[in-house]
Structure formats: C-alpha cells, structure tokens
Amino acid sequence: MTTPAFSICVYCGSRPGANPAFMEVARSVGEWIARHNGQLVYGGGRNGLMGIAADAALQAGGRVIGIIPQALVEKEWAHEGCTELHVVDTMHERKRMMAERADAFLALPGGIGTLEELFEVWTWRQLGYHDKPIGILNTAHYYTGLLTFLAHAKEQQFMNAQQMGLVCASDTSDLLLRELVQTAGLAPAAQLEQI
Ligand code: AMP
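Right, let's walk through the structure included here. (Residues numbered from 1 in each chain as written. Predicted model: local features only at pLDDT ≥ 70, side-chain atom pairs only at ≥ 80, totals over all residues. Heavy atoms only, no water.)

1. What about the overall build of the protein?
Inference 1: Counting its secondary structure elements, the protein contains 8 helices and 7 strands.
Inference 2: Expected size for 195 residues packed as a compact globule is a radius of gyration near 16 Å; at 16 Å, the protein falls within 12% of this value.
Inference 3: Principal-axis analysis of the C-alpha atoms places the extent of the protein at approximately 45 × 40 × 35 Å.
Inference 4: Considering the protein as a whole, with its 195 residues, one finds that 49% of them fall into the buried category. (Helix = DSSP H or I, 4+ residues; strand = E, 2+ residues; numbered from the N terminus. Rg over C-alpha atoms; globule rule 2.2 N^0.38 Å. Buried < 20%, exposed > 50% of the residue type's maximum accessible area, 1.4 Å probe, protein only.)

And the structure:
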C-alpha cells in the first residue's frame, strides 16, 4: 500500500440518522478519500455513520485509522478491520491522536459527540493550536439550523466573521473534500480533477 497523499479526520454520528442521505454521504466520503489515495482517521467504531464511512473507505482499498478508548470498545463495536486500530486509555487521548494524525477535519451529520469534536477543533484553530482546515458537511440541511444560530451569534457580537471564516460549510461532499485537501496544500487541483 502506498503512502497516503493526505489524512482526513471524519467526525460523524455513532447512529445512522433518520434520512438515508446521511448513510449515502458517509459512504461517498469514505470512497472519495480512498479513491484519492487519502487516509481516513476516525473514532474506530463500527456503528452508525462512523462504520459506514470506514467500511466504504476499506472496500475502496483505502487506509483507515481507527482510534477508540478502551471503555468504548464494546459499546461502539471497535472495528477490527481498520488498517490500524488504536485502543487508547481515555477520550482525551483519542481526540488528541485523531487531531495529530489528520491534515484536515470534516464533520458529517452526528450528535453531541460529533458536535463536541467539531467545536473543539474549531476553537483550537482560533486559538492557534493548529492551522488545519475544517469542513461542515450540510447534507440534507442537517446543519442549517446550527449555521443560522452561528450567524445569530455573530450578529449578537459573540462571534466575528474571522471565526466563521475558519470553517467551510457545503452540502456537496466532493467539493468540500477537494477544498479541504487543497487548502491543506496536499494535492494539486489537477491531480484531484483527474480522478
Ligand atoms: P455522536 O455524534 O454523539 O453519535 O458521537 C460520535 C462519536 O463521538 C462517538 O464515537 C462518541 O464516542 C464520540 N464522542 C462522544 N462524546 C465525546 C467527547 N466528549 N469527546 C470526543 N468524542 C466524543
């Protein structure tokens, strides 16, 4: 297996969600990363959108790095098929390792775990702890309410445009993934166009 061109950390639901479009997009994201010689970094579980994205990447011949705390190995069905499965001691270690192994972050639809992870890398970015691009995949308008609230927070002067500019939201997975990879400076546009 060749060295991956880039690593994308995908945050997403440990449940599949109500709309089949969520499962479909998790599959597309996993496949896109594998087809473009990328590596998927994620929470290491088999359930929900997490498992779907990982399986899609593996089936397409990609590398998948799963990172799961010992306490969640059974609860989230640790994915033994990962290229690398790291069982760590704590949730903090999981998040640190996921962040370190990634060149960019992408949030798919998910619940409070996904939101927590998204907001953590976003706040870390604004504090200058990293400079990796962050994307929000607004499949089937899942995040529209959140984006509207964030615009409200900006209007009420608890956020500013610069902070909002640190994330990129889109409803189109291919475009968003391409943007993340290019912003991270990891693949020339022409190379991504060819595939
Ligand atoms: P959810 O979006 O709630 O389905 O959770 C998605 C993933 O986030 C699961 O793998 C959870 O274990 C993980 N998660 C839940 N809470 C946290 C947390 N505080 N920090 C990091 N990950 C979390």
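And the narrative resumes.
2. Section: the site of the ligand
Inference 1: Around the ligand there are 16 residues in total, and S14, E76, G111, T114 and E116 lie nearest to it.
Inference 2: Within the backbone of G113, one N or O atom sits 2.9 Å away from an oxygen atom of the ligand.
Inference 3: At a separation of 3.1 Å, a nitrogen atom of the ligand approaches a polar side-chain atom of E117.
Inference 4: Taking 490 Å² as the accessible area of the ligand by itself, protein coverage stands at 81%.
Inference 5: Elements with a minimum of two residues in the shell around the ligand: α3 (91-101) and α4 (112-126).
Inference 6: In terms of residue count, the dominant contributor to the shell around the ligand is α4 (5 residues).
Inference 7: Among the residues making up the shell around the ligand, the classes are represented as 5 nonpolar, 6 polar and 5 charged. (Near = heavy atom within 4 Å. Polar contact = N/O pair within 3.5 Å; in protein donor to acceptor, adjacent residues only side chain to side chain. Areas by Shrake-Rupley, 256 points an atom, 1.4 Å probe, with all protein chains shown as cover. Nonpolar A, V, L, I, M, F, W, Y, C, P; charged D, E, K, R; others polar.)

3. Describing α4
Inference 1: Taking 1.5 Å of rise per residue, the 15 residues of α4 would be expected to cover 21 Å, and the 21 Å separating its terminal C-alpha atoms lies within 8% of that figure.
Inference 2: Buried within α4 we find T114, E117, L118, E120, V121 and W122. (Expected span 1.5 Å × (residues − 1).)

4. Things to note about the environment of T172
Inference 1: Of note, T172 is situated in the loop between β7 (167-170) and α7 (173-183).
Inference 2: Its relative accessible area of 33% is what places T172 among the partly exposed residues.
Inference 3: When the C-alpha positions of T172 and G111 are compared, they lie 20 Å apart, and in sequence the two are 61 residues distant.
Inference 4: Of the polar contacts made by the side chain of T172, one reaches the side chain of D171; its length is 2.9 Å.

5. Let's talk about the packing of helix α1 (residues 20-35) against helix α2 (residues 48-59)
Geometry of a packed helix pair, given as the angle between the helix axes and the separation of the axes.
Inference 1: Between α1 and α2, the least distance of the axes is 7 Å, while the angle of their chain directions is 35 degrees. Our pair here, α1 against α2, has a crossing hand that is right-handed. Each of F22, M23, A26, R27, G30, E31 and A34 in α1 lies in contact with α2, whose residues at this interface are L49, I52, A53, A56 and A57. (Axes fitted to C-alpha atoms, helices over the stretch in contact; angles between N-to-C directions. Left-handed = near helix turned anticlockwise from the far one by under 90°. Contact = heavy atoms within 4.5 Å.)

6. A closer look at α7
Inference 1: Those residues of α7 that fall on the buried side of the exposure criterion are S173, L176, L177, R178, L180 and V181.
Inference 2: Taken from the residues just after α7, G185 is the one with a positive phi, measuring 70 degrees.

7. With respect to unusual backbone geometry
Inference 1: Positive phi outside glycine occurs at N37, with the angle close to 65 degrees.
Inference 2: Here N37 shows up in the loop between α1 and β2 (38-42).
Inference 3: Backbone geometry places A140, a non-glycine residue, at a positive phi of 50 degrees.
Inference 4: Residue position: A140 is located in the loop between β6 (134-137) and α5 (144-155).

Without other data, these values stay purely geometric and don't point to any function.
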